[in-house]
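Analysis of the macromolecular model
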Amino acid sequence: MSRTAKEIETTGLPCEAQNGETIQVVPKIDVTMFGKFTLKQEGMEVPHAVSLTGRSRRLWTLTAYLILNRNRGVSAQELIDLLWPEAENDNPLSTLQNNVSRARAALAELGFTHAKVIIHNEKGYYRWAPDRETQLDVEQFETLAKAALAEENMEKSVALAQKAVALYTGDFLTESAAEFWCINLNTYYRSLYTRLCRAAVDRLLKLGRITDAEKLCTGVIRLDPAAEEFSVFLMQALIKNKNPKKALEHYDYIASLYREVYGVSPSAELEAQKALAVQEIYGSETSEDDIHTFLLEKEQEPGAFCCDNNVFREIVNLHVREMRRNDTPAALMIVRLANRSIDPEKRAYI
């Protein structure tokens, strides 16, 4: 891009002479917003991770917001409302200008060239690096995900989905996930990620690429253990891949997690996969050792026996049949326990 001497003097951008023309030399910037917020200029060995909490919270929030909205000018008032939504300030414009200066200085300290013009101000509107290319992971992810969902060819769709999933290393700006300007974006990207993975797993299973389906499900569960449908998919894939023991191990892990962390029992779908895994292992001819392992898999823990409704019903029916055979009378007793030190809302889910 050619520049006049006056334009170069105004912007301060690096340039070089070639064949009598002034050529702008502008390094590209790569930004990630999934998980950690990082910035990397072309030529840097590693990206710089910056925090959206602590003393520098406002200047990096300002930077992130301008990057997200870099295709338009952002007014000073919009930035003031973003950074100080409830505070009363006698001179908010001066405070904003101070934070912009601090952001430019911080970028310069990280090694970004001509940091004074990375955050550009023209007639009261701020823009991020209008004279250089910025590549943003969330935009790449969205483009790839939409292309994968629209692609009818299953192999091509899966290939696009795998590229998109590789970019999703965590939720959108996790440190600011609760901020009003992040909530909707966080929900949108998480929803798109879940929808993409659901479609990709379904296609991988249809294509017979069971191991790839396992890896994808494992990645989703690592990010969000509460995404139970992917535990169901994972157990399906493990059973299809002739690994029912690993499917049972995953069931034990996820069932324990749900009870201890969320206070809920596994769904009927997850229980069904457990039953299939058990049948796969013990449904055929088994040795005495296998039967012993199945019946006495682990030591009984002291205290009350905790189980879901389905297991409890089967236990009751077993005792009812035994009492009918022996003509033994019985009574049902219900005991309700509550810990008053636990918040009532949380206690309602236990």
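Anything mentioned here points back to the structure above.
Below you will find a few notes about this structure. Nothing here was measured: the structure is a model prediction, and the numbers come from that model.

Another point: the side chain of Thr-134. Here Thr-134 is to be found in strand S9 (residues 134-136). Taking relative accessible area as the criterion, Thr-134 reaches 9% and is therefore assigned buried. Within polar-contact distance, the side chain of Thr-134 engages the side chain of Trp-128 at 2.9 Å. Residues within four places of Thr-134 in sequence aside, it is in contact with Ile-29, Val-31, Ile-67, Arg-70, Trp-128 and Ala-129.

This paragraph deals with the pairing of strand S8 (residues 125-128). The side-chain alternation of S8 yields one buried face, formed by Tyr-126 and Trp-128, and one unburied face, formed by Tyr-125 and Arg-127. Here strand S6 (residues 74-75) pairs with S8 via 2 bridges, running antiparallel. Bridge pairing links Val-74 to Tyr-126 in S8. Sheet analysis places strand S7 (residues 119-122) next to S8, joined by 4 bridges and oriented antiparallel. Counterpart to Glu-122 in the pairing with S8 is Tyr-125. Once S7 ends, the chain turns through 2 residues before running back antiparallel as S8, passing Lys-123 with a positive phi of about 55 degrees.

Moving on, we get to helix H2 (residues 57-68). When the terminal C-alpha atoms of H2 are compared, their 16 Å separation across 12 residues agrees well with the 16 Å that a helix rising 1.5 Å per residue should span. The element H2 is largely enclosed, with a buried count of 9 among its 12 residues. Among the residues of H2, those classed as buried are Leu-59, Trp-60, Thr-61, Leu-62, Thr-63, Ala-64, Tyr-65, Leu-66 and Ile-67.

Counting 84 residues, the largest nonpolar core has Met-33, Phe-37, Leu-39, Leu-96, Trp-128 and Phe-141 as its most contacted members. It is helix H7 (residues 180-207) that provides the largest number of residues to this core, a total of 11 residues. Leaving out residues up to four positions away in the same chain, Phe-37 has contacts with Val-31, Thr-32, His-48, Ala-49, Val-50, Leu-52, Trp-60, Thr-63, Ala-64, Ile-67 and Leu-173.

A covalent bond between the sulfur atoms of two cysteines is referred to as a disulfide. For the coordinates displayed, the defined rule picks out 0 disulfides. Unpaired in this structure, Cys-197 has its nearest cysteine sulfur neighbour in Cys-217, at a distance of 8.4 Å. Note on Cys-197: relative accessible area 0%, which makes it buried.

If you add up the space inside the second largest pocket, you get close to 150 Å³. Residue lining of the second largest pocket: Val-316, His-319, Val-320, Met-323, Ala-330, Ala-331, Leu-332 and Met-333, and that is the complete set. For the lining of the second largest pocket, a count of residues per class yields 7 nonpolar, 1 polar and no charged.

Before going further, it helps to spend a moment on a nonpolar patch on the surface. Taken together, the side chains of Val-261, Tyr-262 and Val-264 make up a nonpolar region of the molecular surface, amounting to roughly 250 Å² of accessible area. You can see Val-264 is positioned in the loop between helix H10 (244-262) and helix H11 (268-282). Since its relative accessible area comes to 39%, Val-264 is described here as partly exposed.

A word on the sheet that holds strand S5 (residues 48-50). Strand order in the open sheet made by the 4 strands is S5-S4-S3-S9, with mixed pairing throughout. Each end of this open sheet is capped by a strand with a single partner; those strands are S5 and S9. Neighbour-to-neighbour, the strand axes of the sheet open up by a mean angle of 20 degrees, direction not taken into account. Both strand S3 (residues 29-32) and strand S4 (residues 37-41) contribute to a ladder of 4 bridges, which runs antiparallel. Opposite Thr-32, over in S4, you have Thr-38 as the bridge partner.

As a further point, take the pattern of salt bridges. Going through the model one piece at a time under the given rule, you end up with 9 salt bridges. The residue Arg-72 makes a salt bridge to Glu-78 at a minimum N-O spacing of 2.7 Å. The exposure class of Arg-72 is partly exposed, given its relative accessible area of 33%. Judged by its relative accessible area of 23%, Glu-78 falls in the partly exposed class. One connected set of salt bridges, linked through shared partners, spans Glu-155, Arg-209 and Asp-212.

Further remarks concern the environment of Leu-276. One can find Leu-276 in helix H11. A relative accessible area of 40% means that Leu-276 is categorised as partly exposed. Spatially, the C-alpha atoms of Leu-276 and Gln-236 are 8.9 Å apart, while their sequence positions differ by 40 residues.

In this section: the sheet that holds S6. Read from one edge to the other, the open sheet built from 3 strands follows the order S6-S8-S7, with strand pairing classed as antiparallel. Each of the sheet's edge strands pairs with one partner strand only, and the pair in question is S6 and S7. Across the face of the sheet, H2 comes into contact with S6, S7 and S8 while running at roughly 80 degrees to S8.

Parameters at a glance
Residues numbered from 1 in each chain as written. Predicted model: local features only at pLDDT ≥ 70, side-chain atom pairs only at ≥ 80, totals over all residues. Heavy atoms only, no water. Helix = DSSP H or I, 4+ residues; strand = E, 2+ residues; numbered from the N terminus. Buried < 20%, exposed > 50% of the residue type's maximum accessible area, 1.4 Å probe, protein only. Polar contact = N/O pair within 3.5 Å; in protein donor to acceptor, adjacent residues only side chain to side chain. Contact = heavy atoms within 4.5 Å. Pairing = 2+ DSSP bridges. Expected span 1.5 Å × (residues − 1). Core = buried A, V, L, I, M, F, W, Y, C linked by side-chain atoms within 4.5 Å. Disulfide = S-S within 2.5 Å. 1 Å grid on protein atoms, 1.4 Å probe; cavity = no way out; pocket = protein on both sides within 12 Å on 5 of 7 lines; lining within 4 Å. Points joined across faces, edges and corners; volume = space filled by probe spheres on them. Nonpolar A, V, L, I, M, F, W, Y, C, P; charged D, E, K, R; others polar. Patch = residues over 30% accessible without salt bridge, like charges linked within 9 Å, V, L, I, M, F, W, Y side chains within 5 Å. Areas by Shrake-Rupley, 256 points an atom, 1.4 Å probe, with all protein chains shown as cover. Salt bridge = Lys/Arg side-chain N within 4 Å of Asp/Glu carboxyl O. Axes fitted to C-alpha atoms, helices over the stretch in contact; angles between N-to-C directions.

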